Amino acid sequence: MNVVFAVKQYISKMIEDSGPGMKVLLMDKETTGIVSMVYTQSEILQKEVYLFERIDSQNREIMKHLKAICFLRPTKENVDYLIQELRRPKYSIYFIYFSNVISKSDVKSLAEADEQEVVAEVQEFYGDYIAVNPHLFSLNILGCCQGRNWDPAQLARTTQGLTALLLSLKKCPMIRYQLSSEAARRLGECVKQVISKEYELFEFRRTEVPPLLLILDRCDDAITPLLNQWTYQAMVHELLGINNNRIDLSRVPGISKDLREVVLSAENDEFYANNMYLNFAEIGSNIKNLMEDFQKKKPKEQQKLESIADMKAFVENYPQFKKMSGTVSKHVTVVGELSRLVSERNLLEVSEVEQELACQNDHSSALQNVKRLLQNPKVTELDAARLVMLYALHYERHSSNSLPGLIVDLRSKGVSEKYRKLVSAVVEYGGKRVRGSDLFSPKDAVAITKQFLKGLKGVENVYTQHQPFLHETLDHLIKGKLKENLYPYLGPSTLRDRPQDIIVFVIGGATYEEALTVYNLNRTTPGVRVVLGGTTIHNTKSFLEEVLASGLHSRSRESSQATSRSTSRR
């Protein structure tokens with residue numbers, strides 16, 4: 001179950017099926033992102049694709065010497081663009097691939113428009129999602145729900161993305177969903193309807209144990225997306241933001257022109273592939289080794305190219321050297337910027353208190369530490385607000401809850417009204433009333449003993465004590481202990497054996513910390529394969545946008561002791 005491989009195979013097949021000759025790849029906004037995640041431009045160029053165009057671009061030239069490979073989402077807009085294209089074709093022949101199921105009426109409209117008979121084939125290739133890591137996918141949808149219910153357009157897009165994922169992995173699953181979430185049940189039903197309607201597409205070779213689709217809701221764990229991260233991929237997303245493998249470094253002080261935007265892709269960057277799940281301290285020493293390795297291979301300035309053989313050797317090694325030079329400068333810049341932000345924002349101290357809020361149960365110590373950090377001028381308004389949010393979620397019903405006082409402290413610190421209001425909005429979004437699970441207090445004796453032993457031993461790393469709630473959910477699922485009264489099956493049948501192929505989907509967005517959990521589970525649990533997906537992949541900023549978009553904040557008001565006064569955003 002490798003989603004990067006699945007999408008890559010589709011693109012390779014499209015290019016192969018069009019045969020030899022020069023080609024143009026015609027895409028829309030979304031499929032451009034889908035392709036760019038699994039193929040670099042240089043890789044596709046080697047397959048005789050010399051031009052990349054958007055179907056909605058008005059000023060494309062007529063190039064009858066090119067074959068057109070069209071990879072498009074099956075939207076009404078795209079079908080209309082194609083109809084216009086086929087009436088006045090710019091290329092010699094068209095191979096049309098839709099990323100999802102296309103209706104018969106749309107195919108008929110295309111056939112009627114193809115008066116010049118330039119269409120060689122029309123097919124469905126189900127690469128209708130963003131493949132982020134081999135075990136992680138996203139639909140790049142921010143703000144999927146209104147209140148507790150789906151935005152209808154996003155429900156339709158999510159159903160398409162999820163069914164495409166199942167088709168690309170050749171899985172016809174049983175479905176379980178989080179009972180406390182109406183949105184999870186609704187999505188499960190929509191996926192089930194598509195499987196019933198398109199049953200011929202889902203007729204795969206039966207496995208002994210059927211695959212399982214588990215649908216969860218972000219509301220059940222609002223803690224994970226609020227935490228600072230310390231493994232490379234997660235940390236880059238938290239502090240710099242990853243958008244379709246691209247990182248915007250234009251705000252980095254003194255950045256050179258060619259490093260304003262860099263691409264971090266495990267498919268084409270060996271250093272990143274080997275380090276994306278390691279923690280920050282290890283990356284520092286690995287960067288040093290990479291630099292030393294680079295220095296050894298660097299062509300010496302004084303090296304004289306005297307013979308033809310010298311010149312030949314230099315030319316042969318130069319592309320590798322240039323590539324390595326690019327890798328080194330990219331990672332040195334990224335890690336350098338992460339280090340700068342860690343010290344500028346006092347993140348080691350902030351993170352330690354975040355971890356205490358997420359994992360310990362000592363209210364007075366937590367409150368003292370939060371109050372102390374709110375006085376620290378280095379702590380940004382985002383970090384101040386997230387500490388108060390974590391406190392509000394954990395100690396929501398504690399007898400000595402001091403949230404009103406902390407809101408006053410945020411105001412005194414000059415934190416904008418937007419962030420202050422978000423504190424109550426986050427509690428409204430993922431507080432105790434909403435959660436189907438108990439995030440903080442272990443319930444059974446085994447869990448209490450585990451926590452006690454953990455406390456005795458201390459933790460190897462104080463900054464990574466937290467385990468996402470997904471870890472416990474998957475652990476129970478794999479052991480056959482996931483309670484059916486909390487995560488019921490959709491439909492009458494249930495799974496008797498331990499599941500082997502599990503697809504987890506998080507409405508409201510997954511995180512890179514959860515992706516790390518899944519990566520470790522896949523590595524350490526033989527016979528079990530897990531793929532994680534979400535409507536998007538969150539960092540704290542995007543998660544707070546998700547909370548805002550849900551509209552729940554409009555029903556919650558800032559604490560009466562801290563009447564809101566608008567302050568300018570910093």
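Residues numbered from 1 in each chain as written. Predicted model: local features only at pLDDT ≥ 70, side-chain atom pairs only at ≥ 80, totals over all residues. Heavy atoms only, no water.

1. What to know about the environment of Ser-138
So, step 1. Locating Ser-138 in the fold gives a position in strand E7 (residues 136-138).
So, step 2. Residue classification places Ser-138 among the buried positions, given a relative accessible area of 1%.
So, step 3. As a C-alpha pair, Ser-138 and Thr-536 span 398 residues in sequence and 5.0 Å in three-dimensional space.
So, step 4. With residues up to four places along the chain from it excluded, the contact list for Ser-138 reads Tyr-129, Ile-130, Val-132, Gly-534, Thr-535, Thr-536 and Ile-537.
So, step 5. One polar contact links the side chain of Ser-138 to the main-chain amide nitrogen of Asn-140, over a distance of 3.0 Å. (Helix = DSSP H or I, 4+ residues; strand = E, 2+ residues; numbered from the N terminus. Buried < 20%, exposed > 50% of the residue type's maximum accessible area, 1.4 Å probe, protein only. Contact = heavy atoms within 4.5 Å. Polar contact = N/O pair within 3.5 Å; in protein donor to acceptor, adjacent residues only side chain to side chain.)

2. Some details on the state of the cysteines
So, step 1. Per the stated rule, a full pass over the model turns up zero disulfides.
So, step 2. Unpaired in terms of disulfides, Cys-144 finds its nearest cysteine sulfur in Cys-145, a separation of 3.9 Å. (Disulfide = S-S within 2.5 Å.)

3. A closer look at the sheet that holds strand E2 (residues 49-54)
So, step 1. Pairing in this open sheet of five strands is parallel, and the strands run E2-E1-E3-E4-E5 from one edge to the other. Of all the strands in the sheet, the pair left with one neighbour each is E2 and strand E5 (119-124). Here the strands of the sheet are splayed against their neighbours by 15 degrees on average, with no regard to which way each runs.
So, step 2. Judged from the five bridges that link them, strand E1 (residues 23-27) and E2 form a sheet pairing that is parallel. The partner of Leu-26 across the bridge, within E2, is Glu-53. (Pairing = 2+ DSSP bridges. Axes fitted to C-alpha atoms, helices over the stretch in contact; angles between N-to-C directions.)

4. Brief notes about the sheet that holds E7
So, step 1. Ordered in space as E6-E7-E17-E15-E11-E10, the six strands form an open sheet in which the pairing is mixed. The sheet is open, and its two borders are formed by strand E6 (130-133) and strand E10 (174-177), each paired with just one other strand. Averaged over neighbouring strand pairs, the angle between their axes works out to 25 degrees when direction is ignored.
So, step 2. Pairing of strand E15 (residues 501-507) with strand E17 (residues 529-534) involves six bridges; the strand directions are parallel. The partner of Phe-505 across the bridge, within E17, is Gly-533.
So, step 3. The strands that helix H1 (residues 3-17) touches are E6, E7 and E17; relative to E6, the one it contacts most, it runs at about 135 degrees.

5. Notes on the pairing of strand E4 (residues 93-98)
So, step 1. With respect to burial, E4 is a largely interior element, five of its six residues being buried.
So, step 2. Taken together, the six bridges between strand E3 (residues 67-72) and E4 define a ladder with parallel strand orientation. If you follow Lys-67 over to E4, its bridge partner there is Ile-93.
So, step 3. In this fold, the crossover linking E3 to E4 by way of helix H4 (residues 76-87) has right-handed handedness.
So, step 4. Pairing geometry for E4 and E5, over five bridges, is parallel. Paired with Phe-95 across the strands is Glu-121, a residue of E5.
So, step 5. Note on the crossover from E4 through helix H5 (residues 104-113) to E5: the handedness is right-handed. (Right-handed = clockwise from strand over helix to strand, strands pointing away.)

6. Side note on helix H20 (residues 540-549)
So, step 1. Every buried residue belonging to H20 is among Thr-540, Ser-542, Phe-543, Leu-544, Glu-546 and Val-547, and all of these are buried.
So, step 2. At its buried positions, H20 is contacted by helix H8 (232-239), helix H14 (381-394), helix H16 (417-430) and strand E18 (537-538).
So, step 3. Immediately beyond the C-terminal end of H20, within one or two residues, lies Gly-551, with a positive phi of roughly 80 degrees.

7. Some remarks on helix H19 (residues 512-524)
So, step 1. Over its 13 residues, H19 runs 18 Å from end to end, which matches the ideal 18 Å to within 8%, given 1.5 Å per residue.
So, step 2. Within H19, burial applies to Tyr-512, Glu-513, Glu-514, Ala-515, Leu-516, Thr-517, Val-518 and Leu-521. (Expected span 1.5 Å × (residues − 1).)

8. Some remarks on a nonpolar patch on the surface
So, step 1. The grouping of Met-22, Leu-45 and Tyr-50 at the surface amounts to a nonpolar patch, some 270 Å² of accessible area in total.
So, step 2. On the secondary structure map, Leu-45 appears in helix H3 (residues 41-45). (Patch = residues over 30% accessible without salt bridge, like charges linked within 9 Å, V, L, I, M, F, W, Y side chains within 5 Å. Areas by Shrake-Rupley, 256 points an atom, 1.4 Å probe, with all protein chains shown as cover. Salt bridge = Lys/Arg side-chain N within 4 Å of Asp/Glu carboxyl O.)

9. Comments concerning the pattern of salt bridges
So, step 1. Applying the stated criterion across every chain yields a total of 30 salt bridges.
So, step 2. We note a salt bridge from Arg-345 to Asp-383, for which the minimum N-O separation is 3.0 Å. One end of the pair, Arg-345, is in the loop between helix H11 (308-344) and helix H12 (347-359); the other, Asp-383, is in helix H14, and 38 residues separate them in sequence.
So, step 3. The salt bridge partner of Lys-479 is Asp-475, with a shortest N-O separation of 3.1 Å.
So, step 4. A network of salt bridges, in which partner residues are shared, links Glu-238, Arg-345, Glu-354, Asp-383 and Arg-386.

Scope: geometric values only; no functional claims are made or implied.
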